[in-house]
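Working through the structure, step by step
Read off the chains here:
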Amino acid sequence: MEHKMEQLILKGLSILVDYKVPFLREWKEILPTLQYRNQSFVDEFDTILEYAIHQVVSKQVHSVDAFILSLLAEWQKRFTSTYDVNESIFLVTTIENIFHKLLAENPKATFHDHQAIQGFFLRILDQALITQDLENQSEKWANKMIATNVLPIKWVAIVKKEHEEFQIETIVCAGQEQQNSHLLDMCLTLKASQTEHLSTAIERLLGTNKENMPIIQIPCLNDFLLICLEDVEMEVNEHQTDFIKEMYLRQLKLDQLESKIGWKNASLLFLQHLLSARSADDAVKAVAKGLVEYMPFKRCGLFLYNEFEDKGIGVSGYNVSNPAVMQIREEIFKLPLIKSYLHSLTHSQPLYFTDAAEILPEKYVRTFQLKSVVVLPIFVPTKDKLLGIALLDQGENSQFTVSTQTLTTLIKFGHYAGELLYSIWDETLQHFGASDCLLTTREKEVLKLIAEGASINEAARELHLSSYTVRDYVSVIIQKLAAKNRTDAAVKAIRMKLIS
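Below: a short report on this structure. Note that the coordinates shown come from a computational prediction; the quantities given were computed from them, not determined experimentally.

About the cut-offs
- Residues numbered from 1 in each chain as written.
- Predicted model: local features only at pLDDT ≥ 70, side-chain atom pairs only at ≥ 80, totals over all residues.
- Heavy atoms only, no water.
- Helix = DSSP H or I, 4+ residues; strand = E, 2+ residues; numbered from the N terminus.
- Axes fitted to C-alpha atoms, helices over the stretch in contact; angles between N-to-C directions.
- Parallel < 35°, antiparallel > 145°, perpendicular 65-115°, else oblique.
- Contact = heavy atoms within 4.5 Å.
- Nonpolar A, V, L, I, M, F, W, Y, C, P; charged D, E, K, R; others polar.
- Pairing = 2+ DSSP bridges.
- Left-handed = near helix turned anticlockwise from the far one by under 90°.
- Core = buried A, V, L, I, M, F, W, Y, C linked by side-chain atoms within 4.5 Å.
- Buried < 20%, exposed > 50% of the residue type's maximum accessible area, 1.4 Å probe, protein only.
- Phe/Tyr/Trp six-rings, centres within 6.5 Å; stacked < 30°, edge-to-face > 60°.

The backbone of S348 sits at a positive phi, close to 70°, despite the residue not being glycine. The residue D384 is not glycine, and still its phi comes out positive at about 55°.

Shown next, in the form of structure tokens:
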């Protein structure tokens, strides 16, 4: 199975090479818009993208994982700032969607090609972004290290090195040495060119080393462990430091593995949950319920875009009044959310807001007692199409934060939901969008005859109308149903159950 996945991801990499020229053309066209969001960061990202393309085209890529890690290393070498995770998610997804769009324009492209692109960019998110969210795990490791009593520890600090500068990521004190939280927070702001300077600064802040207790340093890949011992006479041997180092490295691997397995399992369970849907009603309920059941949220409201009415329509609520959600009909382009963030939504980017009043009408904020909220685009990457959004929160008047891992995982949830709903899109609009009002009775009569094989003149005779009038009806019907021609209109109308 692992070999099959590697083959799929390598195929995705080969597609990147094949579509290099049209991709760069599309990328340069949207670059000014992206730079408007955050020019300095996008410029840095563009530089790394050029480097990545050069590596791929010159066939210097031997494995996908090594390729991704080399890009991160190149970023650290070239730029003084670390990459912004949320912006990176947005830009990576934007690039993925460009390739889906290019594949959709190629009649020879297959669904397997789309899967290969999804697999490749999923691996990028997996390797480069999700594994960054490890702060809590570091603190757990430090507490575990103290609890083992391998060494008599007063405090332990985990130090990261970035661009010739050291910074404390986590610091934990032993039980009897608990410190004021403000002092510990101050320790986390410390930076220095040498780890010894950090040790001295921690000693002065915490006041834990009045008797000149020894502080040992243990290098672990790119990290350093600073450990202050209780016993001034203590002699630490190589076996003890190796044990601590191996324990730390093993914990890093486990944390990354758990992170990957956790979100992949959630995605798989969500996808399996969606596959049980047999109708439009089942599908929207499955999406709303699954986003709560398999992600860290308590409520969900699902809204789709009715292109015929140019409105957003409520279709399902989970742990929230379903009738209240389904009554919602809004001209979406008047909403603050769409006015300000449509570009992000059309690039699959989940958005987190501390205050829902920033983006939603006050009447809905009040009715549903909204506070913090996450907006998830329901997006079809293979068609480059935004179908709607899901609003997610932790309950009435709940203020909460959301992790990078959650936002990243939500991208795939939005894609899975989009693919399902797109496969039954006409039925869904018919069921929820009041589509039976799209066509007048006379238009349905005309279309029914056309569907049965009647010509314009034959339909005119049957309905006692002029052929010009029938032709006008057909033209209006095609426009209303966004059809290619009258045959396509008839097929769509039958699928949407507008005519039998």
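With that settled, consider the environment of E87. Within the secondary structure, E87 is located in helix α4 (residues 85-104). Residues E87 and V42, 45 residues apart in the sequence, show an inter-C-alpha distance of 8.6 Å.

In this section: the packing of helix α16 (residues 441-451) against helix α18 (residues 467-480). The N-to-C vectors of α16 and α18 enclose an angle of 95°; their axes lie 10 Å apart at closest approach. In this view, α16 runs roughly perpendicular relative to α18, as classed from their interaxial angle. Packed against α16, whose contacting residues are R442, E443, V446, L447 and I450, the element α18 presents V470, Y473, V474, V476, I477 and K480 at the interface. Taken together, the residues that form the contact of α16 with α18 break down as eight nonpolar, no polar and three charged.

Consider a sheet: its strands pair through backbone hydrogen bonds, and that pairing is either parallel or antiparallel. Spatial ordering of the open sheet is given by β8-β7-β6-β11-β10-β9, a layout of six strands whose pairing is antiparallel. Two strands bound the open sheet, and with one partner strand each, they are β8 (329-330) and β9 (351-353). Summarising the sheet, strand β6 (residues 299-306) and strand β7 (residues 311-318) pair through seven bridges and their orientation is antiparallel. In the sheet register, C300 faces β7, and the bridge partner there is Y318. In this fold helix α10 (residues 280-293) packs onto β6, β7, β10 (373-380) and β11 (385-393), with an angle of close to 60° to the strand it touches most, β7.

In this section: the sheet that holds strand β1 (residues 153-162). Strand order in the open sheet formed by five strands is β3-β2-β1-β5-β4, and the pairing between neighbours is antiparallel. Of all the strands in the sheet, just β3 (191-192) and β4 (215-220) have a single pairing partner and so form its edges. Against the sheet, helix α8 (residues 195-206) makes contact with β1, β2 (165-173), β3, β4 and β5 (223-229), and its axis sits at roughly 40° relative to β2, the strand it touches most.

Moving on, we get to the packing of α16 against helix α17 (residues 456-463). Across the interface, α16 lies against α17 with an axial gap of 9 Å and an inter-helix angle of 130°. Our classification of the angle between α16 and α17 gives oblique. The interaxial crossing formed by α16 with α17 has right-handed handedness. Taking contact as the criterion, the partners of R442, E445, V446, L449 and I450 in α16 are, on α17, I456, A459, E462 and L463. Here the contact of α16 with α17 is built from residues that sort into six nonpolar, no polar and three charged.

Let us look at the nonpolar core. By size, the foremost hydrophobic cluster in this structure holds 41 residues, and its most contacted members are F23, W27, F120 and F121. Only α1 (2-18), α2 (20-57), α3 (64-78), α4 and α5 (111-129) provide two or more residues apiece to this core. With residues near it in sequence (within four places) discarded, F23 still touches L49, I53, I95, I98, F99 and L102. Core analysis: the next-biggest nonpolar cluster, separate from the first, contains 35 residues, V287, V292, F297 and I378 among them.

So, on to the packing of aromatic side chains. A full pass over the atoms with the stated rule returns 12 aromatic pairs. Summarising the aromatic geometry, the rings of F41 and F45 are spaced 6.3 Å apart at their centres and angled 45° between planes, so their arrangement reads as tilted. Taken as a pair, F41 and F45 lie in helix α2 at a separation of four residues, close to a single helical turn. Using a relative accessible area of 12% as the deciding quantity, one classes F45 as buried. Here Y341 and F353 contribute two aromatic rings whose centre-to-centre distance is 5.0 Å and whose plane-to-plane angle is 70°, an arrangement assigned as edge-to-face. Of this pair, Y341 sits in helix α12 (residues 336-345) while F353 sits in strand β9, and the two are 12 residues apart along the sequence.

With respect to the helices and strands, the residue Q240 is situated in helix α9 (residues 238-275). The exposure class of Q240 is buried, given its relative accessible area of 14%. Contacts of Q240, omitting those with residues within four sequence positions, involve V150, L151, M234 and E235.

Function cannot be read off these values alone, since they describe shape.
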